[in-house]
2 protein chains.
Amino acid sequence: MSDLILSDHDEQIITAISRGDARACGRLISRAESDDESVVSILQALYMRGGNTPIIGITGPPGAGKSTLTDQLIERWRARGERIAVLAVDPSSPFSGGAILGDRVRMNRHNVDTGVFIRSMSARSRLGGLAAATGDTLTILDAMGFARILIETVGVGQNELEIMRHAHSVVILQTPGAGDVVQSVKAGLLEIGDVFAVNKADLPAADKVVTTLREAVAFRHDAHNPDDWQPPIVKTQSVEGTGVDELLAAIENHLQHQQQHPAQRMRRLRDQARARLLDLVSEGLRRRYASSAERQDNFEQQLDALLERRSDPHAAAWRVLGKI
Amino acid sequence: MSDLILSDHDEQIITAISRGDARACGRLISRAESDDESVVSILQALYMRGGNTPIIGITGPPGAGKSTLTDQLIERWRARGERIAVLAVDPSSPFSGGAILGDRVRMNRHNVDTGVFIRSMSARSRLGGLAAATGDTLTILDAMGFARILIETVGVGQNELEIMRHAHSVVILQTPGAGDVVQSVKAGLLEIGDVFAVNKADLPAADKVVTTLREAVAFRHDAHNPDDWQPPIVKTQSVEGTGVDELLAAIENHLQHQQQHPAQRMRRLRDQARARLLDLVSEGLRRRYASSAERQDNFEQQLDALLERRSDPHAAAWRVLGKI
């Protein structure tokens, strides 16, 4: 986009981000979160130069050992000398606030390692919604030149599915806990997983979970298409680090598979971009609507009718739409 | 609304719902969930006659004993001969699928009691989003003539806050588990709670949680306004049933307080109706947009520009909006 106007100060920020300056990165994310309009042109510049860092989503039920496993993965990447960013979109994650919570979890040792950038984000981070906030934060992290970006979310609810939209590879964590697999089916997680990890693999029911997952994944996999990615199922024991190397290999294999199948990769990226653009358009329509006094009056009249039960939400929405 | 056209069949369904027919209710909810357009006029008719059943939202972190406490509350109401509906919007709730999960939890004994109607709903229940689906289901349940409707959700994420929009009284469950209160602050739960329950009150840290909650609630409470509701904090031990009577009394007190302060009550209802209407309008705009071929072409062009990094999501959204 040639019509992008950047001030010298904006250019300085962009340079700092491109150099991987963690403080500049933290400040810019905070500005984006607070819906600071002046940030948009910086985000635009960063986005247009970006798209180079693989984003890995990790999700699973609370207590599945998600953070310990993420911790182990980071350790492996760090041992290879790679810089890693973690975006924790989970209010219950130890990433999200070790200091406030008061309990020093293992994860926080990475806080003193300048090769690991950790940022947490809660559902209330931004007015424009979590999905938009996550998108902007990832645009910034992507420009920082990390080797990998991890997004960690608790695997419950629609928000998590929306966040996984941003990932190039999605890891679904399961445990031999009763009902985990069933819950994942319900939450739609099986459909979006590229790699499955069955953690706490030392527990007796672990093999049963692997079998169930294998059957569920087979349904989805197109065996007649040799190019179709078959999601692997890896057994791990995160506390002892068992299976972590295999999990890391599975993730890297999937990222490589996408590089080798550009048409599949482009389809995925297009689907993700479509969802993200629809969100932003929808948010823009909402703002545009809210900026007209006449429309606001009509809206309040429809609200009155609703509260007096002279109308119902569907009819009221239809009438509001009629004035747009 | 006088222009509502109902077929004889629609009228029969409405009559069945008004009589409290559980099978008709279950079928109608399923139709609404599947985005069946023919259901809208029935929903409208039910909504315009409704608004009579108090809706109580119960939320709290996984493992806090939410279901056991809900179970105890239902038992108390049933002992008074009152019919109760439960809407579980939580994939990890035992309400949501006792039969599938295979573990028979206590809750399910209510399934054979015709005075208790239990319905579960997952984030994927409907295309139009969870908030819209919850609204329609509550419209149907409201018309069934229950004494109370309970909504149970896990207290994590934005969806839960949206669902609590529908409740006349919101109960926030906490435990002496480390970090619970901090997490609730982050999730914005303290701001929306009308009644707080500290469950597992036998644990040593329970009193500390009560103190922390009391301080947090005091911030919110306007001591200079005698009409302002001061959220009570009740200690419970759901397994033994300790404190459940006190919790029930606190909920009923809050409902009564709202009846006695119609201006406050109307303000709350109006805020809730506004949020619900905005959701439906936003969804309608999205659908309207998706129905124009020319707009679709423009949208796909913007997507191309995004994927080729010639544009960025904010600029693309702005250009899509320019064509609307």
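This text gives an overview of the structure that appears in the document.

Conventions and cut-offs
- Residues numbered from 1 in each chain as written.
- Chains lettered and ligands numbered in written order.
- Predicted model: local features only at pLDDT ≥ 70, side-chain atom pairs only at ≥ 80, totals over all residues.
- Heavy atoms only, no water.
- Helix = DSSP H or I, 4+ residues; strand = E, 2+ residues; numbered from the N terminus.
- Buried < 20%, exposed > 50% of the residue type's maximum accessible area, 1.4 Å probe, protein only.
- Contact = heavy atoms within 4.5 Å.
- Areas by Shrake-Rupley, 256 points an atom, 1.4 Å probe, with all protein chains shown as cover.
- Phe/Tyr/Trp six-rings, centres within 6.5 Å; stacked < 30°, edge-to-face > 60°.
- Lys NZ or Arg CZ within 6 Å of the ring centre and 35° of its normal.
- Salt bridge = Lys/Arg side-chain N within 4 Å of Asp/Glu carboxyl O.

Here's the deal with the overall build of chain A
- Regarding its fold elements, chain A presents 14 helices and seven strands.
- By the burial criterion, 58% of the 324 residues in chain A qualify as buried.
- Here the analysis covers contacts within chain A between residues at least 6 apart in sequence; of these, 74% occur between residues at least 24 apart.
- Summed over all atoms, the accessible surface of chain A reaches about 13,900 Å², with 51% contributed by carbon and sulfur.

Details of the packing of aromatic side chains
- Under the counting rule described, the total for this entry stands at two aromatic pairs over all chains.
- Aromatic pair B:Phe117 and B:Phe146: ring centres 6.2 Å apart, planes at 45°, arrangement tilted. Of the two residues, B:Phe117 is situated in strand β3 (residues 116-120) and B:Phe146 in the loop between α6 (130-143) and β4 (148-154); the sequence distance between them amounts to 29 residues. Accessibility classification places B:Phe117 together with B:Phe146 in one group, the buried group.
- Taking NZ or CZ as reference, B:Arg83 lies 4.6 Å from the ring centre of B:Phe146, over its face.
- One residue, B:Arg309, lies across the ring of A:Tyr47, its end atom 4.1 Å from the ring centre.

Remarks on the pattern of salt bridges
- Scanning all chains against the criterion turns up 21 salt bridges over all chains.
- Of the charged contacts in the structure, one is a salt bridge between A:Arg148 and A:Glu252, with a shortest N-O distance of 2.6 Å. One end of the pair, A:Arg148, is in strand β4 (residues 148-154); the other, A:Glu252, is in helix α11 (residues 244-260), with 104 residues separating them in the sequence.
- By relative accessible area, A:Glu252 is classed as buried at 15%.
- Residue B:Asp194 is joined to B:Arg268 by a salt bridge in which the shortest nitrogen-to-oxygen separation is 2.8 Å. Taken together, the residues B:Asp194 in the loop between α9 (189-192) and β6 (195-198) and B:Arg268 in helix α12 (residues 262-290) connect sequence positions 74 residues apart.
- The class for B:Asp194 is buried, based on a relative accessible area of 5%.
- Via salt bridges that share partners, A:Arg270, A:Asp271, A:Arg274, B:Glu300 and B:Asp304 belong to a single interconnected network.

Without other data, these values stay purely geometric and don't point to any function.
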